[in-house]
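# Descriptive structure summary
Below, each chain spelled out in residue letters.
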Amino acid sequence: MATGARMHELMAELFPICRSITGDGVRQTLRIVGERVPLELREVPSGTEVLDWTVPDEWNIDDAYVALDGTRLIDFRDSNLHVVSYSEPVHARMPLDELRPHLHAHAERSDWIPYRTSYYTRTWGFCLARETLDRLDGGEYEVHVDSRLEPGSLTYGEVVIPGERDEEFLVTTHVCHPSLANDNLSGIAVLAELASALAGRRNRHTFRLLFIPGTIGSLTWLATREDVLPRIVGGLVIACVGDAAPLTYKRSRRNEARIDRAAEYVLAAREDARVTDFVPWGWDERQFNSPGFDLQVGCLSRSREGEFPEYHSSADNLDLVRPEQLEGALDAVLEILDAFDADRRYVNLSPRGEPQLGRRGLYPQTGGALAQDEQLAMLWVLNQSDGEHSLLDVAARSGLSLDLVRTAADRLHDAQLLGEAP
Ligand code: ZN
């Protein structure tokens, strides 16, 4: 099956699950992802202090509805978006006046159900289409939220793909939204596929992939994995990568970090791609880029958060996400990781005049345009390797592909004409 179709199929399997920042929905999601990649599930108990925050009680829900005369008018079984995430349990009868403050409709579209949460303020609520809301009138409504809010744990998933070096590159996505496709499931699908792709090749860096609930998940990870942090040399948050918007890279807070150079190099070759400056808004890059950590983490998306009309509504469904867009995003991520790897510097060990390539068997044996480019790539790498210019700089300046430049550097390194700059 094509990669894009496989990712879309995983999204379809995960779509019905009711996820939140804690609870069985996240566990079930990660278990399904874990059938494809060697994911380790980690549980951090409720009440654990994580930086300025506390891991909340775990939330689980079995059913919820608003009924009139025994007929369910708003039904969790139709869509998990109907219930405000983290709603406390309620079993009551009430007139519309009393119920009305707990009902939420979409501001612009009368047929869409909005997505709402109330993680840190105890309340309950229902979300519904405005056209349904407008039809409600007198009578006594039966309100049921069969949820449980009790000490448990926060669950996240982690995959480590060892490379030749201890230096680690972090890739993360959020896993805390219920039936929403572009926002959270597209990131999960791309990360799952990325894990398989990285596991099947030789990597210089070690890759650490995190499937975490938004905000509290990254805070929890940062607070509990201090041992790993010194090894992180860059990272990418991936979210909303399945819609039709152009690929968008948001820089890290340093603006010119290694990950920023790599992503900008890759996106520059894509006609409609966008690069935007850092803002302390968006997804978990906010936490990774807080000044006390400053982990040099950029963000790759298509639409930004809140930028597409379907955002946080029932219209963010599987139809909004196309397999080819997922595949395009995965290709871009892999290219960015290659460019990141190529942003390394060498020193020419025979810098006075050109070294004799023929004597070392480095002249291409065959003719043709490719052979000429291979030779040119070696001359560029030799010329620019003064410890100042990275292979990424060489590719940008020469116009040769990164692949050719990296291969040339590897061959020159093997021939002991290049040494890695400190
Ligand atoms: Zn969201």
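Note that this is a predicted model, so its numbers are computed, not measured. (Residues numbered from 1 in each chain as written. Predicted model: local features only at pLDDT ≥ 70, side-chain atom pairs only at ≥ 80, totals over all residues. Heavy atoms only, no water.)

Let's shift gears to the pattern of salt bridges. Applying the stated criterion to the full structure yields 39 salt bridges. Of the charged contacts in the structure, one is a salt bridge between Asp338 and Arg201, with a shortest N-O distance of 3.4 Å. With Asp338 in helix α9 (residues 323-342) and Arg201 in the loop between α5 (181-199) and β12 (206-212), the pair connects residues that are 137 residues apart, well separated along the chain. In this structure, the salt-bridge partner of Asp227 is Arg225, at a minimum N-O distance of 3.7 Å. We classify Asp227 as partly exposed; its relative accessible area is 48%. A residue is classified by how much of its surface remains accessible, and Arg225, at 15% relative accessible area, is buried. (Salt bridge = Lys/Arg side-chain N within 4 Å of Asp/Glu carboxyl O. Helix = DSSP H or I, 4+ residues; strand = E, 2+ residues; numbered from the N terminus. Buried < 20%, exposed > 50% of the residue type's maximum accessible area, 1.4 Å probe, protein only.)

Quick look at the coordination of the zinc ion now. At 2.0 to 2.1 Å from the zinc ion lie its protein donor atoms, namely His177 (NE2), Asp183 (OD) and His312 (NE2). When the donor residues of the zinc ion are listed from N- to C-terminus, their spacing reads H-x5-D-x128-H. Of this pair, His177 sits in the loop between β11 (168-174) and α5 while His312 sits in the loop between β16 (297-301) and α9, and the two are 135 residues apart along the sequence. (Donors = N, O, S within 2.8 Å, 3.2 Å for Na, K, Ca; no water.)

Our next topic: the sheet that holds strand β10 (residues 153-161). In spatial order, the strands read β1-β10-β12-β11-β13-β16-β14-β15; together these eight strands make up an open sheet with mixed pairing. Strand pairing shows two members of the sheet lacking a second neighbour, β1 (40-45) and β15 (274-276), which therefore form its edges. Geometrically, the sheet is characterised by an average inter-axis angle of 20 degrees between neighbouring strands, direction not taken into account. Strand direction decides the pairing type here: strand β14 (residues 248-250) and β15, joined by three bridges, are parallel. Paired with Tyr249 across the two strands is Val275, which belongs to β15. The strands that helix α6 (residues 216-224) touches are β1, β10, β11, β12 and β13 (232-238); relative to β10, the one it contacts most, it runs at about 65 degrees. (Pairing = 2+ DSSP bridges. Axes fitted to C-alpha atoms, helices over the stretch in contact; angles between N-to-C directions. Contact = heavy atoms within 4.5 Å.)

Moving on to the environment of Thr29. Here Thr29 is to be found in helix α2 (residues 24-34). Residue class for Thr29 comes out buried when judged on its relative accessible area of 1%. C-alpha of Thr29 to C-alpha of Ala64: the two residues are 35 residues apart in sequence and 21 Å apart in space. The contacts of Thr29, once residues within four sequence positions are left out, are Leu14, Ile17, Arg19 and Ile188.

Domain assignment breaks the protein chain into domain 1 (2-56 + 153-342), domain 2 (60-150) and domain 3 (345-420). For domain 1 versus domain 3, the separation of C-alpha centres amounts to 34 Å. Across the boundary between the two partners, domain 1 contributes nine residues, which contact 10 residues of domain 3. For domain 1, the biggest contributors to the area lost against domain 3 are Arg261, Tyr265 and Ala342; these three give 63% of the whole. Summed over the shared surface of domain 1 and domain 3, the number is four salt bridges. With its nearest N and O atoms 3.0 Å apart, the salt bridge here joins Arg406 to Asp341. On inspection of domain 1 and its partner domain 3, the count reaches five residue pairs in polar contact (both at pLDDT 80 or more). (Domains from an automatic or database assignment. Buried area = accessible area lost by both parts, 1.4 Å probe. Polar contact = N/O pair within 3.5 Å; in protein donor to acceptor, adjacent residues only side chain to side chain.)

A regular strand places its side chains on the two faces of the sheet in alternate fashion. Two elements, strand β4 (residues 58-68) and strand β9 (residues 140-150), share 10 bridges in a ladder whose sense is antiparallel. In the strand pairing of β9, Asp63 is matched with Asp146. Relative to β9, strand β6 (residues 90-95) runs antiparallel, the two being bridged by six bridges. Looking at β9, one finds that Arg93 is bridged to Glu142.

Now for the packing of aromatic side chains. Summed over the entire model, instances satisfying the criterion amount to nine aromatic pairs. Considering the side-chain rings of Trp59 and Tyr86, the 5.8 Å spacing of their centres and the 25 degrees angle between planes classify their relative orientation as stacked. With a gap of 27 residues between them, Trp59 in strand β4 and Tyr86 in the loop between β5 (71-75) and β6 connect regions that are remote in the sequence. For Tyr86, a relative accessible area of 3% corresponds to the buried category. Consider the rings of Phe169 and Phe340, whose centres lie 4.8 Å apart with planes at 70 degrees: the pair is edge-to-face. (Phe/Tyr/Trp six-rings, centres within 6.5 Å; stacked < 30°, edge-to-face > 60°.)

Because each turn of an α-helix spans 3.6 residues, side chains separated by three or four positions in sequence point in the same direction. Three or more residues of α2 are buried, namely Gly25, Val26, Arg27, Thr29, Leu30, Ile32 and Val33. Buried residues along α2 sit in contact with α1 (3-14), β1, β4, β10, α5 and β12.

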